Every structure is written in C-alpha cells, then in structure tokens.
Amino acid sequence: MNGVAKQIYDWFDERAGLTELGHKMLNEPMPGGSRYTYVFGSILVYIFMMQLVTGILLMFYYAPTADHAYESTQYIIHNVEYGWFILSFHFWGSSVMVVMVVMHMSQVFLWGAYKKPSELVWVVGTILFTLVVAMGFTGYLLPWDQRSFWATTVGIEIADKTPLIGDFIGQFLRGGPTTGAHTINRFFVLHVMILPLSIMGLATLHIYLFRKAGPAGPYKRDHKELTKTSEYFFPRQVYKDSVAIGIVFLITCALAFYEPVELLGEATPEPGDYNPVPEWYFLFLFQLLRYETFSGEWGQIVGSIVIPVAFMVWLIAIPFIFRNPERRPWKRKFGIMTWAIILLAVAYLTYDYSITEIH
Ligand code: HEM
C-alpha cells in the first residue's frame, strides 16, 4: 500500500477495526485443514447474494400486479438489454441453490457434523432449507403465465388439505377464494421481503453458531493428527471456496444461456388442456400423489401433509436422534442408509414422473 492509501486505511481501521475484523473472519482454525468437501456453505452464501442482486435488477422492471406481471416479464425478456439473461440466471439460480442446499446437508450429515456441539447449527439449517424451498415456490408464480399460475394453484390446494389449519394457510396465501390479484401481491411480499430477510437473519445466526461450535473437521477424530494438520480458513479454504463458486457461476451462466426462460400464455382462470407442472424439485411429491395408494381423501392428506411434515420433524430432530458421538460413516449404517433411501426415493419419484409424462 502506498502512503496515501495506507493513511486512508489506517484512518478507517482506527475507527472501524478493519484489521481485527479481517483476522476474526479469515483466521478461523480448521482442524484437519482445508478440503473441497467444505465448499457448499460458502457456495450457498454466494448464490443467495447473486439471487439478491439479480432479483433487485428484475424489480426495476417487474410490476407485481395481476394486470401487469406477465406483460412486464415479457418486457424484461424481449426489450430490456440482457433482461432475458438476468431473469434466466435468477430462475436457474434457484434450482442451483436447491441442489447445493441438498449437497450441503448431505455433506454435513455424512460427516456427522451436526453432532455435539453443532446441534443448533443443524436445527437453524433445517429452517433455512424450508425457506430456500419457499423462495422457489413463491417466485414461481411471479411471471404470471399458465405454468406459474396453475402450479401455484395446485400447490396451494395441497396446503389447503392440512388438517385444522389448512383453510387458514390457503386463505392467507391466496388472499381470497381463488388464485388472483391478492395472491400475486402476497407471493411478491413473501418472495422479496419476508423470506429473504428471514434467510439473511437465519444465515447470520447459522454462521455465528457454526463459529461458536467450531468446524467439525474430518470424521476421523485423531486429536494429535488434527492439530498437526490444522489450517486457517485463509488462504487455502478461501481458494477452494472461490474455485467452487467459479464453477457454480459458470454452470448457472450456461443454463441461463442455453435454456433461457420462455413464458407460456398469460395466466387465465381456465386451464384449457394445460396440465399443471410445478418446479422440478416438487415433482416427486406430485408423482407420489398420483399413486393409487394416495388417491383417496385420506391418502392425499397422508401424501401431501403427513409424509412431508413427518420428514421435516425427523430432519430437525436428527442431532437428538443420532446422539452417539461416533462420526465415521461406516459405523453409522442405519443413519446413512436412511439418508440414502430418502434421496433415492425422491430421485425415483422424479424419474417416474418424467417417464409417465413422456409416454
Ligand atoms: C441458505 C442455506 C444455508 C447457508 C447459506 C449455509 C451456510 C453455511 C456455512 C457458510 C457454513 C460454514 C462451513 C461450511 O461451509 O461447511 C455452514 C455450516 C454448517 N451448516 Fe449450513 N448453510 C445453509 C443451510 C444448511 C442446512 C439446510 C443444513 C442442515 C439441515 C445446514 C447445516 C450445517 C452444519 C451442521 C454446519 C457445520 C459444518 C461443520 O461443522 O463442518 N446448513 N453452513
């Protein structure tokens, strides 16, 4: 740093404690050293920031009303310079975020990184997971074409089936008896205010709790060896995180470029011969509800409410169910098998949906 730059830096440093902050953020000891397996949390922070930036750019043109949402989205795609790319990047960003959140959860689950003293890091993580999925669901309606309108209508009908509070949830989300003008306002407020602010707050809490508990490190806990190979977060983990973020950025760009968002016709209260299709990460639930076993009234409640709620309760409770301090995956056969079966079931149902649709 030359003389003037140093003076300016020192002036701020004296008042804002920049050097100390930098040390706190970057000099976090990582037992066992840096690894590519730890990159997913940082990737999620990066995608969330990109979603904020692209989302804010879209808001310069998007009109969140039933009368103008479709038209303004078409305007973004066809008339705004690079509008199609920003919108497509934002659209694909949400899918990439869902994939990355599942990878992050799977990594910390496999490594047993949710075990004491990191239970709260996991619990806050499960809420973040729900919020990330909710971001996808609420964003899907905003373009207001047939696809978004009918997927949301079906989604809210599923929520309607919740015993006792279903009516309230449906009414709250729709803002009336059918999907319409109030629904888009409510989804917009949830999508651009309530959910992002909640994610920001909870992600901060998540990272604070992570720093308090300390990184779990490798599952082989040989203390002598771990302290020998301990490294700071900077520079090697920062480098690995940056490489991974660069790859995710390029993948999202490629998806946006080769598969840009194209709207169907404007939403109408008549589906015609249009068959509602939700975002790909909800297809497994859609497919489950098509099976004979889940076709009756109670079957629908079990498939759409009981199973997802039971799954969420199980997910939150994981650190309290698997309390054995053993972290090596091959010694935790039951937990690992359960995780694998859930992922395989979701993959199978999604695949089954796609082949039924093609034939
Ligand atoms: C928006 C969503 C999320 C963000 C931005 C996020 C961010 C992070 C970051 C930056 C870390 C620090 C170290 C690392 O990258 O491994 C971390 C650690 C962790 N996260 Fe998340 N996370 C999210 C969702 C989740 C979810 C859904 C879960 C599990 C249900 C979870 C569980 C954990 C656990 C247990 C750790 C500690 C890992 C260790 O000690 O090695 N996180 N998270």
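A short tour of the structure in this document, coming up. (Residues numbered from 1 in each chain as written. Predicted model: local features only at pLDDT ≥ 70, side-chain atom pairs only at ≥ 80, totals over all residues. Heavy atoms only, no water.)

## A word on unusual backbone geometry
Omega for the bond connecting Lys 116 with Pro 117 falls within 30 degrees of zero, at 10 degrees, which places this linkage in the cis form. Summarising the element assignment, Pro 117 is placed in the loop between helix 5 (83-110) and helix 6 (119-141). Cis peptide bonds are those with omega within 30 degrees of zero, and the linkage from Phe 234 to Pro 235 qualifies with 5 degrees. Its location among the elements puts Pro 235 in helix 11 (residues 233-258). (Helix = DSSP H or I, 4+ residues; strand = E, 2+ residues; numbered from the N terminus.)

## Details of the packing of helix 5 against helix 6
Two elements in contact, helix 5 and helix 6, have axes whose closest approach is 10 Å; the angle formed by their N-to-C orientations is 160 degrees. Relative to helix 6, the element helix 5 is oriented roughly antiparallel. Handedness of the helix 5/helix 6 crossing: left-handed. Where helix 5 abuts helix 6, its residues Met 97, Val 98, Val 101, Met 105, Val 108 and Phe 109 lie against Trp 122, Phe 129 and Val 132. In terms of residue class, the contact of helix 5 with helix 6 is made up of nine nonpolar, no polar and no charged. (Axes fitted to C-alpha atoms, helices over the stretch in contact; angles between N-to-C directions. Parallel < 35°, antiparallel > 145°, perpendicular 65-115°, else oblique. Left-handed = near helix turned anticlockwise from the far one by under 90°. Contact = heavy atoms within 4.5 Å. Nonpolar A, V, L, I, M, F, W, Y, C, P; charged D, E, K, R; others polar.)

## Quick word on the site of the ligand
Neighbouring the ligand are 22 residues; Gly 41, His 104, Gly 125, His 206 and Ala 216 lie closest to it. The separation between a nitrogen atom of the ligand and a polar side-chain atom of His 206 is 2.8 Å. Separating an oxygen atom of the ligand from a backbone N or O atom of Ala 216 is a distance of 2.9 Å. Elements represented by at least two residues in the shell around the ligand include exactly helix 3 (40-59), helix 5, helix 6 and helix 9 (181-213). It is helix 6 that provides the largest number of residues to the shell around the ligand, a total of seven residues. Split by residue class, the shell around the ligand holds 16 nonpolar, six polar and no charged. (Near = heavy atom within 4 Å. Polar contact = N/O pair within 3.5 Å; in protein donor to acceptor, adjacent residues only side chain to side chain.)

Keep in mind these numbers describe shape, not what the thing actually does.
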